[in-house]
2 protein chains.
Amino acid sequence: MQTLQVELGERAYPIHIGSHLLARADLILPHLKRKQVAIVTNTTVAPLYLEQLSQTLQAAGVAVIPIILPDGEQYKNSDTLNLIYDALLQHRCERSTTLIALGGGVIGDLTGYAAATYLRGVPFIQIPTTLLSQVDSSVGGKTGINHPLGKNMIGAFYQPQLVLADIATLHTLPARELSAGLAEVIKYGLIRDLPFFEWLEAHMAELVALDEDALRYAIYRSCENKAEVVAKDERESGERALLNLGHTFGHAVENAMGYGVWLHGEAVAAGTMLAADLSRRMGWLSDADIARMRAIFVAAGLPVEAPALGVERYLDLMGLDKKVVDGKIRFVLQQGIGKSLVTSDYDKAALQATLALAA
Amino acid sequence: MQTLQVELGERAYPIHIGSHLLARADLILPHLKRKQVAIVTNTTVAPLYLEQLSQTLQAAGVAVIPIILPDGEQYKNSDTLNLIYDALLQHRCERSTTLIALGGGVIGDLTGYAAATYLRGVPFIQIPTTLLSQVDSSVGGKTGINHPLGKNMIGAFYQPQLVLADIATLHTLPARELSAGLAEVIKYGLIRDLPFFEWLEAHMAELVALDEDALRYAIYRSCENKAEVVAKDERESGERALLNLGHTFGHAVENAMGYGVWLHGEAVAAGTMLAADLSRRMGWLSDADIARMRAIFVAAGLPVEAPALGVERYLDLMGLDKKVVDGKIRFVLQQGIGKSLVTSDYDKAALQATLALAA
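Note that this is a predicted model, so its numbers are computed, not measured.

Draft legend 1. Representation of the overall build of chain A. Helix and strand counts for chain A stand at 13 helices and 11 strands. In terms of overall dimensions, chain A is globule-like: its C-alpha atoms have a radius of gyration of 20 Å, near the 21 Å expected for 359 residues. If one aligns the C-alpha atoms of chain A with their principal axes, the spans along those axes are about 60 × 40 × 35 Å. Taken across its 359 residues, chain A has 63% of its residues classed as buried. Of all intrachain contacts in chain A linking residues separated by at least 6 positions in sequence, the fraction that spans at least 24 positions is 75%. Accessible area of chain A: about 12,600 Å², with a carbon and sulfur share of 51%.

Draft legend 2. A look at the packing of helix H3 (residues 78–90) of chain B against helix H4 (residues 105–117) of chain B. Residues and elements named next belong to chain B. Where H3 contacts H4, the two axes come as close as 10 Å, and the packing angle between them is 55°. Taken together, H3 and H4 sit at an angle that is classed as oblique. Note that H3 runs across H4; the crossing there is right-handed. Along its contact with H3, which presents Thr80, Leu81, Ile84 and Tyr85, the element H4 presents Leu110, Thr111, Tyr113, Ala114 and Thr117. Of the residues assigned to the contact of H3 with H4, the class counts are 6 nonpolar, 3 polar and no charged.

Draft legend 3. Helix H7 (residues 194–208) of chain A, seen in detail. Residue and element names in this part refer to chain A. Its 15 residues place the ends of H7 20 Å apart at the C-alpha level, agreeing with the 21 Å of an ideal helix rising 1.5 Å per residue. Considering bend angle alone, the principal kink of H7 is centred on alanine 202 and spans about 60°. Within H7, burial applies to Phe196, Phe197, Trp199, Leu200, Met204 and Leu207. Those residues of H7 hidden inside the fold are in contact with helix H6 (175–192), helix H8 (212–232) and helix H11 (287–299). In the stretch just after H7, leucine 210 is the one whose phi turns positive, near 65°.

Draft legend 4. Expanded view of the pattern of salt bridges. This structure, assessed with the given rule, holds 36 salt bridges over all chains. Between A:Glu201 and A:Arg292 there is a salt bridge; the shortest N-O distance is 2.8 Å. Within this pair, whereas A:Glu201 is found in helix H7, its partner A:Arg292 is found in helix H11, the two being separated by 91 residues in sequence. The class of A:Arg292 is partly exposed, set by a relative accessible area of 29%. Between B:Arg221 and B:Asp193 there is a salt bridge; the shortest N-O distance is 2.9 Å. In this pair, B:Arg221 is assigned in helix H8 (residues 212–232) and B:Asp193 in the loop between helix H6 (175–192) and helix H7 (194–208), connecting sequence segments 28 residues apart.

Draft legend 5. Up close: the UniProt feature "domain: 3-dehydroquinate synthase N-terminal" (unreviewed entry) in chain A. Under the present numbering, the feature "domain: 3-dehydroquinate synthase N-terminal" (unreviewed entry) in UniProt falls on residues 67–179 of chain A. Across residues 67–179 of chain A, the secondary structure splits into 34% helix and 29% strand, with the terminal C-alpha atoms separated by 28 Å.

Draft legend 6. Just the environment of B:Ala87, in detail. Residues and elements named next belong to chain B. Here alanine 87 shows up in helix H3. Take alanine 87: its relative accessible area is 13%, and that puts it in the buried class. Sequence separation between alanine 87 and alanine 38 is 49 residues; the distance between their C-alpha atoms is 9.0 Å.

Draft legend 7. A look at the sheet that holds strand E6 (residues 124–128) of chain B. All names here are of chain B. Across the sheet, 7 strands lie side by side as E1-E2-E9-E6-E5-E3-E4; this open sheet has mixed pairing. Sheet topology places strand E1 (2–6) and strand E4 (63–69) at the edges, where each strand pairs with a single neighbour. Pairwise comparison of adjacent strand axes, ignoring direction, gives a mean angle of 15° for this sheet. Note: E1 against strand E2 (residues 13–18), 5 bridges, orientation antiparallel.

Draft legend 8. How the structure looks around H6(B). With 18 residues, H6(B) extends 27 Å from end C-alpha to end C-alpha; this agrees with the ideal 26 Å at 1.5 Å per step. In terms of residue burial, H6(B) counts as a mostly covered element, since 14 of its 18 residues are buried.

Draft legend 9. Focus on the sheet that holds strand E9 (residues 162–166) of chain A. Residue and element names in this part refer to chain A. If you walk across this open sheet you meet the 7 strands as E1-E2-E9-E6-E5-E3-E4, and the pairing is mixed. Each of the sheet's edge strands pairs with one partner strand only, and the pair in question is strand E1 (2–6) and strand E4 (63–69). Taken over all neighbouring pairs, the strand axes of this sheet differ in orientation by 15° on average, direction set aside. The pairing of strand E3 (residues 36–42) with E4 spans 7 bridges and is parallel. Note on E4: the bridge partner recorded for valine 37 is valine 64. Packed onto the sheet, H8 meets E1 and strand E2 (13–18) and runs at close to 10° relative to E1.

Draft legend 10. Layout of the packing of aromatic side chains. Tallying each qualifying case throughout the model produces 12 aromatic pairs over all chains. Between A:Phe124 and A:Tyr158, the ring centres sit 6.0 Å apart and the planes meet at 15°, which makes this aromatic pair stacked. Taken together, the residues A:Phe124 in strand E6 (residues 124–128) and A:Tyr158 in the loop between strand E8 (150–157) and E9 connect sequence positions 34 residues apart. For the pair formed by A:Phe124 and A:Tyr158, the shared burial category is buried. An aromatic cluster of at least three residues, connected via ring pairs, comprises A:Phe196, A:Trp199 and A:Tyr217. Positioned over the ring face of A:Tyr188 is A:Lys187, at 4.9 Å from the centre of the ring. Lying across the ring of A:Phe157, B:Arg120 places its NZ or CZ 5.9 Å from the centre.

Draft legend 11. Layout of the domain arrangement of chain A. All names here are of chain A. When its domains are assigned, chain A resolves into domain 1 (2–172) and domain 2 (175–357). The C-alpha centroid of domain 2 is placed 26 Å from the C-alpha centroid of domain 1. Each side of the interface is counted separately: domain 1 has 34 residues, and domain 2 has 35 residues. For the domain 1 and domain 2 pair, buried surface summed over both sides reaches about 3,200 Å², with 65% attributable to carbon and sulfur atoms.

Draft legend 12. Structural view of the pairing of strand E5 (residues 98–103) of chain A. Residue and element names in this part refer to chain A. Counted residue by residue, E5 has 6 buried out of 6 residues, so it is predominantly covered. In the sheet, E3 pairs with E5 via 4 bridges, with the strands oriented parallel. Bridged to valine 40 within E5 is alanine 101. Bridge analysis of E5 against E6 gives 5 bridges, and the strand direction is parallel. Bridge assignment links leucine 99 to a residue of E6, and that residue is phenylalanine 124. Once you follow E5 into helix H4 (residues 105–117) and on to E6, the crossover reads as right-handed.

Draft legend 13. How the structure looks around the environment of B:Leu317. Residues and elements named next belong to chain B. Take leucine 317: it is sitting in helix H12 (residues 311–319). Taking the C-alpha atoms as reference points, leucine 317 and leucine 81, 236 residues apart in sequence, are found 26 Å from one another. When neighbours within four sequence positions are excluded, leucine 317 is seen to be in contact with Ala252, Asn255, Ala256 and Leu309.

Rules behind the numbers
Position numbers for residues count from 1 along each chain, tracking the sequence in the order it is written. Chain letters and ligand numbers both follow the written order, the letters beginning at A and the numbers at 1. Totals for whole chains, interfaces and linings use every residue, but because this is a predicted model, local features are given only for residues with pLDDT of at least 70 and side-chain atom pairs only at 80 or more, for both listing and counting. Side-chain numbers come from the whole structure's heavy atoms, not from hydrogens or water. Only DSSP runs of H or I with at least four residues qualify as helices, and only runs of E with at least two residues qualify as strands; both kinds are numbered from the N terminus onward. For this measure, only C-alpha atoms enter the radius of gyration; the expected value for a globule follows 2.2 Å times N^0.38, where N is the number of residues. The buried label goes to any residue with under 20% of its type's maximum accessible area, the exposed label to any with over 50%, and the partly exposed label to all in between, with areas taken from a 1.4 Å probe on protein chains only. Contacts were defined at the residue level, with two residues in contact if any of their heavy atoms lie within 4.5 Å. Areas reported here follow the Shrake-Rupley algorithm with a probe of radius 1.4 Å; residue values treat only the protein chains shown as occluding. Axis definition: a line fit to C-alpha positions, over the contact stretch in the case of helices; interaxial angles, taken between N-to-C directions, run 0 to 180 degrees. For classification purposes, angles smaller than 35 degrees are called roughly parallel, those larger than 145 roughly antiparallel, those between 65 and 115 roughly perpendicular, and all remaining angles oblique. Take the far helix as your reference; a near helix turned counterclockwise from it by less than a right angle gives a left-handed crossing, and one turned clockwise gives a right-handed crossing. Classes in brief: Ala, Val, Leu, Ile, Met, Phe, Trp, Tyr, Cys and Pro nonpolar; Asp, Glu, Lys and Arg charged; the others, Gly included, polar. What a helix is expected to span follows from its residue count: subtract one and scale by 1.5 Å. To get the bend at a given residue, fit one axis to the seven residues ending there, fit another to the seven starting there, and take the angle between those axes. Whenever Lys or Arg places a side-chain nitrogen within 4 Å of a carboxyl oxygen from Asp or Glu, that contact is recorded as a salt bridge. UniProt positions are given in the numbering used here, feature names are shortened, and annotations may be inferred rather than shown by experiment. For two strands to pair, DSSP has to find at least two bridges joining them. Think of it this way: a Phe, Tyr or Trp ring, Trp meaning its six-membered ring, pairs with another when their centres are within 6.5 Å, and the plane angle makes it stacked under 30 degrees, edge-to-face over 60, tilted otherwise. Lysine and arginine charges are scored as sitting over a ring when NZ or CZ, respectively, is within 6 Å of the ring centre and within 35 degrees of the ring normal. For each domain, the first and last residues come from an automatic or database assignment. For any pair of parts, buried area is found by adding up, for both, the accessible area (1.4 Å probe) each one loses once the two are put together. Handedness rule for crossovers: strands pointing away from the viewer, path from the first strand over the helix to the second running clockwise, crossover right-handed.

What follows is the structure, encoded as structure tokens:
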């Protein structure tokens, strides 16, 4: 097991990364205010891991309230959020009850947001069971739900007490979702860590084959990169925006196709290739760099072509994106591999040409 | 005009108290990130003050989006909250748009919570137009909505950029609501400020008659007391709980009678007299103190007898109160006038006897 400390002053917390952590009550108990937890999970994860985690906690004398939600991005909404509130109120849970998110990014975002807002804030613990949530959504305190008019429009910045990334849970993850998680892993290399990108080029086959040592290193290094960025910029006023490489294009894809049709990581991969094309047109990225990016995404089992939506539809979809500042769309673009910037200083014709590729 | 600075580190903000502040664009402009605001108000306040505030801002070049909600505590819920989100999204409001709450406590709580959660947090300004919201809910960052199973169960701690308490708006406030606000003013004297309580005994007639100097002083001194408590304990782990004097009993009354049947301040006044009776039974408060309390509440036009709900119903209603710790109800009790404590160390028989008074 490896441990990473996310430094956020009084909101600092540890991330433990290793195998079979669901059996480790000793890691969880020190973070509970009282011996009562509500475990929020979904109908896919519950049959796999809920009993194991519950038994671990109950054997340590902790009362467990299970809250099982329907599975899917389409349920990341206020109706599902209310199911959590209702269960907490029915059990008369107090401010000393800890919420545990057991599942992927949707469960983490919903549970974190419920924790941020129930009684104006109760403690919570993240136990991410997908690669994507282990390397991305469980680090940094973003929580929230979707709105019919846009993804993640309602939410809060709220930090967990603890994150347990159990690599063993990845053995039950569909291959397509593993690939989607690798999109975010690759992203860290692209935006700020060339040596990690090179390591990923050398070890992608091991990651896809679920080699535990490779996974632990990739997760640790990803969390380390994200934690460094988040510690500098908790509320997303500056550098943190770099983590959105490929996301402005990617959200447009997810939004247009309907949440959950393209997986988030798939949309990010294709979106990152669009951003790379725009970077190339600005003279900041070489054809050779683009070829390396394409190759690593393909090796990870990810799409590199965005769907044909039409230039106007893309622009319209991106107009609602919350990363817009004063009416001008800002993009995360690359200056070579391992270096990136947030800018609205790009050529509009170049953007049109990039979008035409996907049109 | 008097100004009070609420000290909360990087979340510090000023409260300006005076007459005709709705005309003062100069007080608002320095706090805007861009010249766009959404003014959230209700159908009662809009005809009185929305045009005046809008004109003040528009004359200074600020674009105004009005959001007019139905009036009443029964609308402090997720459906009404969604009306705010919908309007913000339809206008494509960004993180640089400032929300302005123009109204009483319900508008302040709803708007503050919308600001806390829209795009994970946008700036907001409080312009409270009732005495209660000027002395209580606009100071301290509590925001939120009610849930069918309990009041203020969903919410966030979120500080405004600025509070403008315009005394002129109190001239359109119904007398019953002015009295309800005075209940919280009196509370500050009771829990921690004997000289203020004595000042209130001497000046209650002026306050009820809307004397501006008396109101400005009472509002300033109330905000000062609350700001001192909040600055020491932003997230309600300790001293801040003293502000809930009368509230555990009061919430039970509000909850049982239906939100809005008893005004919040009325329920707090009657609840404070129940708490005083329990304090007396514990030997902490004299008959003479109780008589002074009764007299000042009556002078302020407030009820001093709680409704007859029955002992069991009171206990049941208080069991869901979020101030419960580990299953034991804690009360704010007094040790004389001007001194209070939070305790679960009271005699159960005394509590039964107190509740039997209202049964």
